[in-house]
Amino acid sequence: MKIPRLPLALALWSCSAGLLLAQRPFEVMDYGRFLSATFHNAQGKSTFDQKGSAANKGIAIKLGKDGDGAMVFDTELLRMAGGWAGGYVKYMGVAFDGGHGPNPKPPEKAQIVFETNPTGPGWSQGDDFKDPRPLPTGPGAAKIPFGPLPKTWAKYKGLYLHGDNVVLAYTVGTAAVLELPSLEVAAEQNFLTRTFQVFDKGAATRLLVAEVPEGALVEVKGDTVVTTEEQPIKNGVKDAPLRMVIGTSGLPKGAAWEIVASRRVELKLPAFAGGEHFKLALWKGGEADLSNATAALAKLAKPLDLKPLTKGGPAHWTEEVTTTGKLGEATGGFPYAVDTITLPTENPYKSWIRVGGFDFFADGRIAFCTWSGDVWVGKGIDEKLEKITWHRYATGLFQALGLKIVDDQIYVLGRDQITRFSDLNGDGEADAYENFNNDVQVTPGFHEFAFDLQTDPQGNFYFAKGGPVNPGGRGWGPLSEHNGCLFKISKDGEKFEVYATGLRAPNGVGMSPTGQVSVGDNQGTWVPVDYIHFVKQGDFIEVPDLAHRGDAVPEKYSEHLCWIPYDMDNSCGSHVWVTSDKFGPLKGEMLYLSYGKSSLFTVLKEKVGNSMQGGVVKLPLKFDTGIMRARFNAQDGQLYVAGLRGWQTNGAKDGALQRVRYTGRPATIQNSLRVTDKGIHIGFTNNLETASASDPGNYSIQQYTYKWSKEYGSPEFKVSDPTQKGRDTVEIKSVTVSPDKKSVFLEVPGLQPVMQMRIKMKINSEPTTDDPGAPVPGEIGNTINVVGKE
């Protein structure tokens, strides 16, 4: 999957005459009161550098009415990574400006008030702050740990949104804690404040509050900490030192400040009894304002009761957007039409609509998530699509590329976690963003997206995660234990397990009605071309670098259902199984989405012994964007597809949601493929025209192989001489049409297993009094793993 340096949408925005750089969509979008992302520190350094306020899984919380400052909370380490005044966030990286490497960070002119280095927990276990997480292992492993702390140490539970307030919920040992980050003004001085409310009993602990620069002076004066930080000399002039003040309100009896290693400011807390309620206030400024800031501490408001903020607050996104859809027409004799469900691309919040996942409620309403972190809910998706009403439901998610509705509750996959949402007061917006599961590890790599969200018949969740592909597409950055894996999460979110390994950029997962998991991948390092794989738990699927087998390097990949020719699909999407009686003759079949070619395919499947094999057939339909997610709507029984344009695709629009609608006319489509030692059987959903179908001149077969290597993709090589690039032509001795006219047999003796076969045909469906007949889809791209007996 190659990602252009600047997505086309951004190029158009920045290059159009008369448009200012500030008008780029990622800069004008209102992301809400918080933004989840991987954050770099103020110097643009990641957690790999182990300095400053960087966080792999961070939530930047907007402070002040207009984002006059921010604090970043690290949901893995339960640490407040840093806080600043003078602006909110500088939006950088692949989902924003298309950059390959940077991540969001503090604005250039922000005044950093405090930071904590990403080297350990924000809360101790007893007196222990040592990071308990193991380092990743194996070739290419990073030198820092990833993932959340053990649940017995501390656990992020989620957040509540109430007006301008973002209330964090987590546990420290057995104690449940609510925390409210705020910006408060007292005596014309700005303070970053942290209000804590403790529920339940808990062991004694320490809170990491700040880490001052090396050489700074730290003094404890009663309940207050004062620091002095010398400024560097600029142009021969030495500025007055910066001073920081940390004050308190309502500290539990027995709490005390401790300065560790002359740099770490820690608050030592006695065992929690439950009911503790206290506040920290942090200020930073020049020497001249120190006395005013110290005096202003006494004028700060007392700690706010946080529990009422967990009950649902006023709505933020009160303006709905109404759109009108467009009905398509079936063309070329193919009995399916593509309708367009017009998205709320023009909206009051300037939300950049690039659909990453969607699903339907029981009553037919739809919810979709976006790559920029939104969730929207729509109603009015009916036969005519004349009035579709959209409401913004949630914001601030981390590159949301998967959504599933279970029991009418929305679950969204971001890179950091699966989030479950609750509308606590019935106003149509999410008030509670629950951490359903955040066990997945995240590195600062720009290209390790988390893809799709599916459930099996037992209610377990599945999603896939890519490798940290280097800029340019070849090779990897430092690896975590979870790069290139497919995951299974239990129905209650408590159990997380690696289901299979060896994936590069798996933009799509499939789940059959019986629970068969499938996955695809995108051409790149160790991936010659895209493929479809039926997964068995424990599989190593394709990429040795992402096998996670210790130091052992697999010498063989697992057998795929099929490889897909590059010109048919260069970037995969999801798989969906037809479960509807209203979708024509394809019930029970599997469909495959191409993001790169904005195309829809049927999947032909054959089981020979313990092996699966088959191929794909492109349907003659056109879509507006790189389609990568699909669901059937139980209300109308039709297929809905959606996607975005964020990396390489021929799709024209930034995002689209479309319906593939069966119009009722006969449909003649390939629906089976069987390979034997005598030849190839191809089945169809309806009758063939005998004249065209029986003519050997209307068929051709080519085959070739690929080189499985660490190179990016692979050329085509002849089967007859694998050292030569090219294809071999396969002779077809005869063609026989079955008596029921629903299958053909291509006599091809001596077939052998081959990575890639291409069967082309120019045949028509049978004309009837009601139907003039039409061309049948003209090509199968397939793989032969095993040649069966005739």
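Since this is a predicted model, take the numbers as computed values, not measurements.

(A) Examining the overall build of the protein more closely. Regarding its fold elements, the protein presents four helices and 51 strands. For 790 residues, the compact-globule estimate of 2.2 N^0.38 gives 28 Å, and the C-alpha radius of gyration of the protein, at 29 Å, lies within 12% of that figure. Overall, the protein is about 95 × 55 × 55 Å in size when its C-alpha atoms are taken along their principal axes. Out of the 790 residues belonging to the protein, those deemed buried represent 62%. Residue pairs in contact within the protein that sit at least 24 positions apart in sequence constitute 62% of those at least 6 positions apart. Accessible surface computed for the protein: about 29,300 Å², of which carbon and sulfur atoms make up 49%. Computed over 84 positive and 89 negative side-chain charges, the separation of the two mean positions in the protein equals 2 Å.

(B) Summary view of the side chain of Asp-416. With respect to the secondary-structure elements, Asp-416 resides in the loop between strand 26 (409–413) and strand 27 (418–422). No salt bridge is formed by the buried Asp-416; its nearest oppositely charged neighbour, Lys-57, is found at 6.9 Å. Beyond its immediate chain neighbours, meaning those up to four positions away, Asp-416 contacts Ser-36, Lys-57, Phe-398, Asn-438, Val-440 and Val-442.

(C) Spatial organisation of the side chain of Asp-521. Following the sequence through the fold, Asp-521 ends up in strand 34 (residues 517–521). For the buried residue Asp-521, which engages in no salt bridge, the nearest side chain bearing the opposite charge is Arg-504, 5.5 Å off. Separated by 2.7 Å, the side chain of Asp-521 and the backbone nitrogen of Arg-504 make a polar contact. Of the polar contacts made by the side chain of Asp-521, one reaches the side chain of Tyr-531; its length is 3.2 Å. With residues up to four places along the chain from it excluded, the contact list for Asp-521 reads Gly-502, Leu-503, Arg-504, Ala-505, Pro-506, Val-527, Asp-530, Tyr-531 and Cys-572.

(D) Examining the confidence of the model for the protein more closely. The predicted model of the protein averages 95 in pLDDT, with 97% of residues at 70 or higher. The model gives residues 1–22 a pLDDT under 50, and that stretch makes 55 contacts with residues more than four places away or in other chains.

(E) Up close: empty space enclosed by the protein. Following the criterion strictly, the structure yields eight cavities of 30 Å³ or more and no others. Within this model, the largest cavity holds a volume of roughly 80 Å³. Taken together, Gly-333, Phe-334, Pro-335, Pro-666, Ala-667, Thr-668, Ser-765, Asp-771, Ala-774, Pro-775 and Val-776 form the lining of the largest cavity. Of the residues belonging to the lining of the largest cavity, the class tally is seven nonpolar, three polar and one charged.

(F) How the structure looks around the sheet that holds strand 36 (residues 562–563). Taken together, four strands build an open sheet; the order of strands is 33-34-35-36 and the sheet is antiparallel. Single-partner strands in this sheet number two, and they are strand 33 (509–511) and strand 36. Taken together, the four bridges between strand 34 and strand 35 (residues 531–534) define a ladder with antiparallel strand orientation. In the strand pairing of strand 35, Ser-518 is matched with Phe-534.

(G) Fine view of the sheet that holds strand 10 (residues 205–211). With respect to topology, three strands assemble into an open sheet ordered 10-17-16, the strand pairing being antiparallel. Single-partner strands in this sheet number two, and they are strand 10 and strand 16 (256–260). This sheet shows a mean twist of 30° between the axes of neighbouring strands, independent of strand direction. Bridging between strand 10 and strand 17 (residues 264–269) involves six bridges; their strand directions are antiparallel. When the sheet's bridge partners are listed, Leu-207 is paired in strand 17 with Leu-267.

(H) Structural detail: the pairing of strand 44 (residues 670–675). In terms of strand pairing, strand 44 meets strand 45 (residues 679–684) through five bridges, oriented antiparallel. Bridge pairing in strand 45 places Leu-673 opposite Ile-682. Where strand 44 hands over to strand 45, the hairpin turn is made up of three residues, counted between the paired strands.

(I) How the structure looks around unusual backbone geometry. Phi is positive for Gln-50, which is not a glycine, with a value near 55°. In this structure Gln-50 comes out as partly exposed when scored by relative accessible area, which is 25%. Residues other than glycine seldom take positive phi values, yet His-548 does so here, at roughly 55°. Structurally, the position occupied by His-548 is in the loop between strand 35 and strand 36. Look at His-548 and you get partly exposed, because its relative accessible area is 25%.

(J) Looking closely at the nonpolar core. Within the largest apolar cluster, 62 residues are counted, with the highest numbers of intra-cluster contacts made by Val-209, Val-375, Ile-410 and Phe-421. Filtering out sequence-adjacent residues up to four positions away, Phe-421 remains in contact with Val-375, Tyr-393, Ala-394, Leu-397, Gln-409, Ile-410, Val-412, Ala-430, Ala-432 and Tyr-433. In this structure, Ala-55, Ala-81, Val-89 and Val-94 belong to the second largest nonpolar core, which totals 31 residues.

(K) Highlighting the environment of Lys-57. Checked against the element boundaries, Lys-57 lands in strand 2 (residues 55–63). When sequence neighbours within four positions are dropped, the list of residues in contact with Lys-57 reads Ala-37, Phe-73, Asp-74, Thr-75, Glu-76, Asp-416, Asn-438, Asp-439, Val-440 and Val-442. Polar side-chain contacts of Lys-57 include one of 2.5 Å to the backbone oxygen of Val-440.

(L) Layout of the packing of aromatic side chains. Under the definition given, this model contains 40 aromatic pairs. Ring centres of Tyr-349 and Trp-376 lie 6.4 Å apart, and the angle between their planes is 45°; on these two criteria the pair is classed as tilted. With a gap of 27 residues between them, Tyr-349 in the loop between strand 20 (336–340) and strand 21 (355–360) and Trp-376 in strand 23 (residues 375–379) connect regions that are remote in the sequence. Of the two residues, Tyr-349 and Trp-376, neither departs from the other in class, the shared state being buried. Connected via pairs of aromatic rings, a cluster forms that spans Trp-526, Tyr-531, Tyr-557, Trp-563, Tyr-704, Tyr-706 and Trp-708. The ring of Trp-317 carries Arg-392 above its face, with NZ or CZ at 4.3 Å from the centroid.

(M) Structural detail: the environment of Arg-504. Looking at the element boundaries, Arg-504 is found in the loop between strand 32 (496–501) and strand 33. It is 40 Å that separates the C-alpha atoms of Arg-504 and Val-212, two residues lying 292 residues apart in sequence. For Arg-504, the side chain forms a polar contact with the main-chain oxygen of Gly-473, separated by 3.1 Å.

(N) Seen up close, the pattern of salt bridges. If you walk through the whole model with that rule in mind, you get 41 salt bridges. Where Arg-243 meets Glu-287, a salt bridge forms, and the shortest distance between an N and an O atom there is 2.7 Å. You can see Arg-243 sitting in strand 15 (residues 242–249) and its partner Glu-287 sitting in the loop between strand 18 (277–286) and helix 3 (290–296), a full 44 residues away along the chain. Judged by relative accessible area, Glu-287 falls into the partly exposed class, the value being 37%.

(O) The arrangement of the pairing of strand 21 in detail. Within strand 21, six of the six residues are buried, which leaves the element mostly enclosed by the surrounding structure. Direction of pairing for strand 21 relative to strand 22 (residues 366–370): antiparallel, over a ladder of five bridges. What sits directly across from Val-355, in strand 22, is Thr-370. Here strand 21 hands over to strand 22 after five residues, with Gly-364 in that stretch at a positive phi of 95°.

What counts as what
- Sequence order as written defines the numbering, with residues in each chain counted from 1.
- Totals for whole chains, interfaces and linings use all residues, but because this is a predicted model, local features are given only for residues with pLDDT of at least 70 and pairs of side-chain atoms are given and counted only at 80 or more.
- Calculated side-chain values reflect all of the structure's heavy atoms, with hydrogen atoms and water omitted.
- In DSSP terms, a helix is any run of H or I states spanning at least four residues, a strand is any run of E spanning at least two, and both are numbered starting from the N terminus.
- Using C-alpha atoms as the atom set, the radius of gyration is obtained and then compared with a globule rule of 2.2 Å times the number of residues to the power 0.38.
- Summary of the burial criterion: residues with accessible area below 20% of their type's maximum are buried, those above 50% are exposed, and those between are partly exposed, where the area comes from a 1.4 Å probe applied to protein chains only.
- Residue contacts are counted whenever heavy atoms from the two residues lie within 4.5 Å of one another.
- Note on areas: Shrake-Rupley, 1.4 Å probe, and residue coverage restricted to the protein chains presented here.
- In this tally, Lys and Arg are treated as positive and Asp and Glu as negative; His is ignored, and so are the chain termini.
- To locate a charge, take NZ of a lysine, CZ of an arginine, CG of an aspartate or CD of a glutamate.
- A pairing counts as a salt bridge when a side-chain nitrogen of Lys or Arg comes within 4 Å of a carboxyl oxygen of Asp or Glu.
- The definition of a polar contact used here is a pair of N or O atoms within 3.5 Å, where within protein one atom must be able to donate a hydrogen and the other to accept one, and adjacent residues in sequence count solely through side-chain atom pairs.
- Confidence scores here are pLDDT values: one per residue, from the predictor, ranging 0 to 100.
- Using a 1 Å grid laid over the protein atoms alone, points where a 1.4 Å probe fits but cannot get out form a cavity; open sets with protein on both sides within 12 Å along at least 5 of 7 lines form a pocket; any residue with an atom within 4 Å of a point counts as lining.
- Grid points are joined across faces, edges and corners, and a volume is the space filled by probe spheres set on the points.
- Each residue gets one label: Ala, Val, Leu, Ile, Met, Phe, Trp, Tyr, Cys and Pro are nonpolar, Asp, Glu, Lys and Arg are charged, and the others, such as Gly, are polar.
- Any two strands with at least two DSSP bridges between them are considered paired.
- To get an axis, fit a line to the C-alpha atoms, keeping to the stretch in contact for a helix; angles then go from 0 to 180 degrees between the N-to-C directions.
- Each nonpolar core is a collection of buried residues, namely Ala, Val, Leu, Ile, Met, Phe, Trp, Tyr and Cys, held together in the definition by side-chain atoms within 4.5 Å.
- Pairing of aromatic side chains here covers Phe, Tyr and the six-membered ring of Trp, requires ring centres within 6.5 Å, and sorts the geometry by plane angle: under 30 degrees stacked, over 60 edge-to-face, intermediate tilted.
- Ring-over charges, as used throughout, are those where CZ of Arg or NZ of Lys falls within 6 Å of the ring centre and within 35 degrees of the ring normal.

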